[in-house]
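Now for the letters of each chain:
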Amino acid sequence: MNKSTTLPSPQDTISARMTESDIEAMMERYGYPQEIRAIIQRERLLPRGLLARLHATYPHLSGLMETSAVLFPERAQYEGLEGFRRVLGVLRENGIHLGNVIERELFVEVYRFKATSHILNAINWSRYENDSLYQLIFPQPGMMRPEIVAKYAAAGTPEARAIVVEQYMDQTNPHDGHQLLNKPWLEREDGGIEIVEGSQHKYPQTQLVFDKSTQTCFAFCTYCFRHAQVRGDRDMFIQDDIAQIHDYLRKHTEVTDLLITGGDAGYLPYERMRQYVMPIIEDPALLHIRTVRIASRALTYQPDMILTERYGKILELFDIMHENGVQLSWMAHFSTPRELLNPTTIAAVRRLQAHGVVVRSQSPIMNHVSLFMDADGKTDIKRSAQNWIDLGNILATLLIRFHSMYCARPTGEHHYFAAPLADIEKISNLIYRSLASLHRPSRYITMTTSAGKLSILGEATVGGRKALALKFNEARNMAWMDKVFLAVYDEHENRVDRLLPLDTDKFFFEEELDEIEHALEEVHGKRMAQQGLT
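Residues numbered from 1 in each chain as written. Predicted model: local features only at pLDDT ≥ 70, side-chain atom pairs only at ≥ 80, totals over all residues. Heavy atoms only, no water.

**What about helix 16 (residues 381–397)?**
This is how it is decided: Numbered from the N terminus, helices here are DSSP runs of H or I no shorter than four residues, and strands are runs of E no shorter than two. To estimate how far a helix should extend, the number of its residues minus one is multiplied by 1.5 Å. Whether a residue is buried, partly exposed or exposed follows from its accessible area with a 1.4 Å probe, protein chains only, as a fraction of its type maximum: under 20%, in between, or over 50%, in that order. Note on contacts: a residue pair qualifies if any of its non-hydrogen atoms lie within 4.5 Å across the two residues.
When the terminal C-alpha atoms of helix 16 are compared, their 25 Å separation across 17 residues agrees well with the 24 Å that a helix rising 1.5 Å per residue should span. Taken as a whole, helix 16 has its buried residues at Ser384, Ala385, Asn387, Trp388, Ile389, Asp390, Leu391, Gly392, Ile394 and Leu395. Buried residues belonging to helix 16 abut helix 3 (48–57), strand 10 (358–365), strand 11 (401–407) and helix 18 (421–434). Positive backbone phi, at 60°, marks Leu399, one or two positions downstream of helix 16.

**With respect to empty space enclosed by the protein**
Using a probe with the size of a water molecule, rolled over the atoms, empty space left in the structure can be pinpointed. Defined as follows: Buriedness for pockets is judged along seven lines, at least five of which must meet protein on both sides within 12 Å for an open set on the 1 Å grid over protein atoms alone, while cavities are sets there where a 1.4 Å probe fits but cannot get out, and lining residues have an atom within 4 Å of a point. Grid points are joined across faces, edges and corners, and a volume is the space filled by probe spheres set on the points. Note on residue categories: nonpolar means Ala, Val, Leu, Ile, Met, Phe, Trp, Tyr, Cys or Pro, charged means Asp, Glu, Lys or Arg, and polar means any other residue, Gly included.
This model, assessed by the stated rule, comprises 6 cavities of 30 Å³ or more. Volume-wise, the largest cavity comes out at about 130 Å³. Together, 19 residues line the largest cavity, and Thr222, Tyr223, Cys224, Phe225 and Gly412 are the ones closest to its centre. For the lining of the largest cavity, the elements supplying multiple residues, two or more each, are helix 5 (101–111), helix 10 (227–231) and helix 17 (414–417). Split into classes, the residues belonging to the lining of the largest cavity amount to 11 nonpolar, 5 polar and 3 charged. Together, Ile365, Cys407, Ala408, His414, Phe417, Ala418, Ala419, Leu421, Ile424, Met447 and Asn494 line the second largest cavity.

**As for the packing of aromatic side chains**
Convention followed: Two rings from Phe, Tyr or Trp (for Trp, the six-membered ring) form a pair when their centres are within 6.5 Å of each other. A pair whose planes differ by under 30 degrees is stacked, one over 60 is edge-to-face, and the rest are tilted. Cation placement over rings: the criterion is NZ of Lys or CZ of Arg within 6 Å of the ring centroid and within 35° of the ring normal.
Here the structure, examined in full by the defined rule, presents 26 aromatic pairs. Seen from their ring centres, Trp388 and Phe402 are 6.4 Å apart, and the 15° between their planes marks the pair as stacked. One end of the pair, Trp388, is in helix 16; the other, Phe402, is in strand 11, with 14 residues separating them in the sequence. Judged by its relative accessible area of 0%, Trp388 falls in the buried class. Its relative accessible area of 6% is what places Phe402 among the buried residues. Taking the centre distance of 5.1 Å and the plane angle of 80° together, the rings of Tyr416 and Phe417 count as edge-to-face. Given the relative accessible area of 10%, Tyr416 is considered buried. By way of ring pairs, the aromatic residues Phe84, Phe113, Trp125, Tyr128, Tyr134 and Phe138 are connected into one cluster. A cation over an aromatic ring shows up here: Lys183 above the ring of Phe237, its NZ or CZ 5.1 Å from the ring centre. A cation over an aromatic ring shows up here: Arg383 above the ring of Phe372, its NZ or CZ 3.9 Å from the ring centre.

**Describing helix 15 (residues 343–353)**
The following threshold applies: Polar contact is defined as a pair of N or O atoms within 3.5 Å, subject to the rule that within protein one atom must be able to donate a hydrogen and the other to accept it, and that residues adjacent in sequence are counted only when both atoms are side-chain atoms.
With 9 of 11 residues buried, helix 15 is to be regarded as a mostly interior element. Here helix 15 has its buried residues at Pro343, Thr344, Thr345, Ile346, Ala347, Ala348, Val349, Arg351 and Leu352. One side-chain oxygen at the N-terminal end of helix 15 lies 3.2 Å from the backbone nitrogen of Thr344; it belongs to Asn342.

**With respect to the side chain of Thr449**
Positionally, Thr449 belongs in the loop between strand 12 (446–448) and strand 13 (452–462). Among the polar contacts listed, one links the side chain of Thr449 to the backbone nitrogen of Ala451, at a separation of 3.2 Å.

**Points about the layout of surface pockets**
When its volume is computed, the largest pocket comes out at roughly 1,000 Å³. Secondary-structure elements contributing two or more residues to the lining of the largest pocket are strand 5 (199–203), strand 6 (206–210), strand 7 (257–261), strand 8 (291–295), strand 10, strand 11 and strand 12. Taken together, the residues of the lining of the largest pocket sort by class into 16 nonpolar, 18 polar and 11 charged.

**A few points about the state of the cysteines**
Heads up, the rule is: Note on terminology: pairs of cysteine sulfur atoms within 2.5 Å are recorded as disulfides.
Considering all chains together, one arrives at 0 disulfides under this definition. Cys217 takes part in no disulfide bond, and the closest cysteine sulfur, belonging to Cys224, lies 6.0 Å away. The class of Cys217 is buried, set by a relative accessible area of 13%.

**Remarks on the packing of helix 8 (residues 146–154) against helix 9 (residues 158–169)**
Quick note on the threshold: Axis geometry follows a simple rule: fit a line to the C-alpha atoms, using only the stretch in contact for helices, then measure angles between N-to-C directions, giving values from 0 to 180 degrees. Oblique is the label for every angle not falling under 35 degrees (roughly parallel), over 145 degrees (roughly antiparallel), or within 65 to 115 degrees (roughly perpendicular). The hand of a helix crossing depends on one turn: near helix anticlockwise from the far one by less than a right angle means left-handed, and clockwise means right-handed.
Orientation of helix 8 relative to helix 9, taken along the N-to-C sense of each, is 155°, at an axis distance of 8 Å. Taken as axis vectors, helix 8 and helix 9 run roughly antiparallel relative to one another. As for how helix 8 packs across helix 9, the hand of that crossing is right-handed. On the side of helix 8, the interface is formed by Ile148, Lys151, Tyr152 and Ala153, while helix 9 contributes Arg161, Val164, Val165, Gln167 and Tyr168. Split by residue class, the contact of helix 8 with helix 9 holds 6 nonpolar, 1 polar and 2 charged.

**Details of the pairing of strand 11**
For clarity, the threshold we go by: Pairing between strands requires that DSSP locate at least two bridges from one strand to the other. We call a crossover right-handed when, viewed with the strands running away from us, the connection from the first strand over the helix to the second turns clockwise.
When you tally the buried positions in strand 11, you get 6 out of 7 residues, the bulk of the element. Alignment of strand 10 against strand 11, held across 6 bridges, turns out to be parallel. Residue pairing in the sheet places Gln362 in a bridge with Ser404 of strand 11. Handedness of the strand 10-helix 16-strand 11 crossover: right-handed.

**Points about the nonpolar core**
Going by this rule: Joining through side-chain atoms within 4.5 Å is the link that ties buried Ala, Val, Leu, Ile, Met, Phe, Trp, Tyr and Cys residues into a set, and such a set is a nonpolar core.
Leu91, Trp125, Phe138, Leu299, Phe318, Trp330 and Leu352 are the most contacted members of the largest nonpolar core, which has 152 residues in total. Look past the residues within four positions of Leu352 in its chain and what remains in contact with it is Leu299, Ile306, Tyr311, Leu315, Phe318, Trp330, Val357 and Val359. Phe210, Phe237, Leu259 and Ala295 belong to the second-largest nonpolar core, a separate cluster that totals 5 residues.

Limitation: the analysis is restricted to geometry and does not speak to function.
Now the structure itself:
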């Protein structure tokens, strides 16, 4: 005999904890124009049950039910030193006074500053000092080395400060991992070579494209490892001719994924996106291209862009791709729950997904943003892991795939954002055993080097000696991926390319890497000689 089950009354359900009035208050607080409100309501982008579940599970992280007036009500971007000073002015008007202004302005001049009203309003200003998004957007004391700060502060005029900035910019290592060697080329009939200037092709299956329209970002992360790209350094990657990309792809059938990046690929206008995509759909010689990836942080910095009628044309293009078996992967970079727990980002994610877009998150693990220190200045393993455990579960709830996590790259102010690899390995272990298998990152934590992307698999003991087990998940020679190898365990090292082999003079791949890099340097040297640039 079946036992009767008493269902909860409508008043007891999770969705009942969020009312239509609550959703209306969210839209009012964020100042949604009527166009966005109509799209959200028509396309059911903010269902009560979903919002109620997220807020009830993570009330300490959520911005969904906050009622305080936003500090930046104008839909604006704040850029450069002038924009930074405007932001400081708004904060002062609201009783928030940031110190160390000279040091912060030095950072802005070296690495730039850009912030949207959306991300500024996503910061919890009632306790901003400990807010990850505040660290993500605002220069902080300790980022810049003391001797550079002192030199900048001592410069008496804007012209003198500009000289300090220019001299220091040459030391910021904007192209780590020999990125300039990743530019591919086409062999011409006359025996010459034609460099594909706005592209990188380091790993066989994936080609990166830096389109001319994607050379800036909606906001600048303080840890940005492509600061040369966004501040206009001379040796940028810029792709002007789209047809050149298709010519290259027709000759390289090993490529399955075209990754459009920048800057931010969210800037790619409809007409240029269509020029990239339609040949992939229509040309039988491009049948090997299965995925187009859009590398964009618009979902963190400018999600309302996706919630407009104008964006409908791009969504129609995504529909065409989906109907023709070409996957559109939106590569977001979420590293904190706060980035997701606001109505604008949730609505934008759901709108993309409704048009066949697979949203994925690959995220940097950065000290002060998504990795934290304790009162003694040591890595807080549990708190840091919990950030990623919460994020992994939120991503799962929103049907976003947790693609990967990676370590801080050795560029910019690496000393501020990096942590010992041994500590990060412990954090990774906690994340993996705390998340269900479907919700974990698809690979172990990695770090990019010239040789490839190296994963830290874990700690090992060999002959009584502690070691870190390493394995490539991408490599200049993909056969290197087949081998697990060991490095000396180092409690303090924060760069994987500076780890030492456990029981040999060199790692197994180092001699071949030298040969590969030398060959690439010869090719690019030949091209520069043809152009008279040597």
